[in-house]
Amino acid sequence: SSLVGSEMCIRDRFTDWAAGQTYAKGYRLAHKGIVYEVMQEVTAIENQPPDAAGLLAVYRPLSVDPETGEEPDGSREHPFAFLYGMDVTKDSYYSYEGKLWLARADMPACVWVPGTAGLWQWEEANAA
C-alpha cells in the first residue's frame, strides 16, 4: 500500500478512510461525515475505524466541514462543534446540543462533554 498524505488534500475534499491504506501523521481524512486528523502514522485496519473506541491517539476528530473544509476559529461568533474526543483549547468556544460553551482549560482528546456535572473546565456561555 502507498503512503497517503504526504501531499495536501485536494481543496474542498477529504479522502474517505479506507482499511489497508497507510496515512501520514497530520493527514486529514473523512469517516461517516466527520473529518479526522491522523496523530501518528498508521496503516488502517478494517475493525479499527477512526470512530472506534480507544483510537483517539491515532485519529482525532476535527470541527471541520467535510464538504468545504471550512474550520471555525473557536470565537463566540464561530464556535467549534464539540465532537467526542476532539482537542479542546482553553478560552475557545464550542457548541454542543444547542448551547454555547467556553473551555476553561486545554483538554486534549476530550471525552468530557460540555455540561458534565462537576466539571469546572466547561462554562456555559450565556447569549450576550
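Keep in mind that this is a model prediction, so the values were computed, not measured.

As for the packing of aromatic side chains
Two aromatic rings, taken as a pair, are described by how far apart their centres are and by the angle between their planes.
And then number 1: For the coordinates displayed, the defined rule picks out five aromatic pairs.
And then number 2: Here the aromatic rings of Tyr23 and Tyr27 are separated by 5.7 Å at their centres, their planes lie at 15°, and the arrangement is stacked.
And then number 3: Classification of Tyr23 as buried rests on a relative accessible area of 0%.
And then number 4: Their ring planes at 35° and their centres at 5.3 Å tell us that Phe80 and Tyr94 sit as a pair that is tilted. Placement of the pair is Phe80 in strand 8 (residues 80–81) and Tyr94 in strand 9 (residues 93–96), with a sequence separation of 14 residues. The pair formed by Phe80 and Tyr94 is uniform in burial state, with each residue classed as buried.
And then number 5: The rings of Phe80, Phe82, Tyr94, Tyr96 and Trp122 are connected pair by pair, giving a single aromatic cluster.

A few points about the sheet that holds strand 11 (residues 122–124)
And then number 1: Within the open sheet, the four strands sit side by side as 8-9-10-11. Their pairing is mixed. Only two strands of the sheet have a single partner each, and these edge strands are strand 8 and strand 11.

Let's talk about the confidence of the model for the chain
And then number 1: Per-residue confidence for the chain averages 90 on the pLDDT scale, and 89% of its residues sit at or above 70.
And then number 2: In this model residues 5–12 is a low-confidence stretch, pLDDT under 50, and it forms nine contacts with partners more than four residues away in sequence or in other chains.

A few points about a nonpolar patch on the surface
And then number 1: On the surface, Tyr84, Val111 and Trp112 cluster together into a nonpolar patch covering about 320 Å² of accessible area.
And then number 2: Following the sequence through the fold, Val111 ends up in the loop between strand 10 (99–103) and strand 11.

Focus: the sheet that holds strand 4 (residues 28–31)
And then number 1: The sheet built from four strands is open, its strands ordered 2-4-5-7 with mixed pairing. In this open sheet, the two strands that pair with only one neighbour each are strand 2 (15–16) and strand 7 (59–62).
And then number 2: Two strands pair when backbone bridges link them, and strand 5 (residues 34–38) and strand 7 are joined in this way by four bridges, in the antiparallel orientation. Each residue of the ladder has a partner; that of Tyr36, found in strand 7, is Pro61.

Definitions and cut-offs
- Residues numbered from 1 in each chain as written.
- Predicted model: local features only at pLDDT ≥ 70, side-chain atom pairs only at ≥ 80, totals over all residues.
- Heavy atoms only, no water.
- Phe/Tyr/Trp six-rings, centres within 6.5 Å; stacked < 30°, edge-to-face > 60°.
- Buried < 20%, exposed > 50% of the residue type's maximum accessible area, 1.4 Å probe, protein only.
- Helix = DSSP H or I, 4+ residues; strand = E, 2+ residues; numbered from the N terminus.
- Pairing = 2+ DSSP bridges.
- pLDDT = per-residue confidence, 0-100.
- Contact = heavy atoms within 4.5 Å.
- Patch = residues over 30% accessible without salt bridge, like charges linked within 9 Å, V, L, I, M, F, W, Y side chains within 5 Å.
- Areas by Shrake-Rupley, 256 points an atom, 1.4 Å probe, with all protein chains shown as cover.
- Salt bridge = Lys/Arg side-chain N within 4 Å of Asp/Glu carboxyl O.

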